[in-house]
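Letter by letter, the chains look like this.
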Amino acid sequence: MSAPIRILLADDHALVRRGVRLILDGEPDLTVVAEASDGAEALEQARLHQPDLAILDIAMPRLTGLQATRELVRQQPGLRVLILTMYDNEQFFFEGLRAGANGYVLKSVADRDLVEACRAAMRDEPFLYPGAVTALIRNYLDRVRNGEPVPERAITGREEEILKLVAEGHSSKEIAELLFISIKTVERHRSNLLQKLGLRDRLDLTRYAIRAGLIEP
């Protein structure tokens, strides 16, 4: 018998992690070897445990699941990643794929879809919850037919990091220390964010971060 698929599970809600772990550990070919409560901890745990597969929530502190996916895929090219989320959202789906995720599973149907999604990811097959497939393909084809682009990211990766930290209440000094950049650079990025997104102040940035799934309300 081959060794079970070794899984890293990241979600900022302990109850969700416990429920998902019960689903996964109930399968003979799957085993959870590490857990993380935010995206930055997921990177640390992945380095420590070298899992085969990472299952990440989107809205987590410090680094979102999408940000963590980009880093994990860059740092560990052989690692497969699944996004497990409550967001039935086209933009997040496309961003997840662009970040390098192998699949996108809704928490509401995790008990039905997650195990098969894990196995599909390890076969290098993309997985998307069945109810969204038709709608997403139709939407994508309509966009192509009409010459419209697939949704792009409005801001850069660095701007997204700063937006998230601003929305979490960190000062410019704290952000500069966390990202190893100067306060002046933080302020420049913040100014660019306000201009690009057509926003006025920190409160607007926080509202945008909630809508974008960078933080939870």
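The structure we're discussing is the one just above.
Read on for an overview of the structure. Note that the structure is predicted; figures quoted are calculated from it, not measured.

This next bit is on the pairing of strand β3 (residues 53-56). Where burial is concerned, the two faces of β3 agree: the one with Leu53 and Ile55 and the one with Ala54 and Leu56 are both buried. Inspection of the sheet shows β3 paired to strand β4 (residues 80-85) by four bridges, in the parallel sense. Residue pairing across strands places isoleucine 55 opposite leucine 82, the latter belonging to β4. For the segment spanning β3, helix α3 (residues 65-75) and β4, crossover handedness is right-handed.

This next bit is on helix α7 (residues 157-167). Summarising burial for α7: eight of the eleven residues are buried, a large majority. Directly after α7, the chain includes glycine 169, whose backbone phi takes a positive value near 100 degrees.

The next thing to look at is the sheet that holds strand β2 (residues 30-36). Taking strand neighbours across the sheet as the criterion, the six strands line up as β2-β1-β3-β4-β5-β6 in an open arrangement whose pairing is parallel. With partners counted over all chains shown, the strands left at the sheet margins are β2 and β6 (127-128), one partner each. Taken strand by strand, helix α2 (residues 39-49) contacts β1 (5-10), β2 and β3, and its axis lies near 130 degrees from that of β2.

Moving on, we come to α2. Listed in full, the buried residues belonging to α2 are Gly39, Ala40, Ala42, Leu43, Gln45 and Ala46. Check the buried side of α2 and you find it contacts β1, β2, β3 and α3. Measuring from the side-chain oxygen of the N-cap residue of α2 to the backbone nitrogen of alanine 40 gives 3.0 Å; that N-cap residue is aspartate 38. Two residues or fewer past α2, glutamine 50 is found with a positive phi of approximately 50 degrees.

Definitions and limits used
- Residues numbered from 1 in each chain as written.
- Predicted model: local features only at pLDDT ≥ 70, side-chain atom pairs only at ≥ 80, totals over all residues.
- Heavy atoms only, no water.
- Buried < 20%, exposed > 50% of the residue type's maximum accessible area, 1.4 Å probe, protein only.
- Helix = DSSP H or I, 4+ residues; strand = E, 2+ residues; numbered from the N terminus.
- Pairing = 2+ DSSP bridges.
- Right-handed = clockwise from strand over helix to strand, strands pointing away.
- Contact = heavy atoms within 4.5 Å.
- Axes fitted to C-alpha atoms, helices over the stretch in contact; angles between N-to-C directions.
- Polar contact = N/O pair within 3.5 Å; in protein donor to acceptor, adjacent residues only side chain to side chain.

The quantities given are spatial measurements derived from coordinates; they are silent on function.
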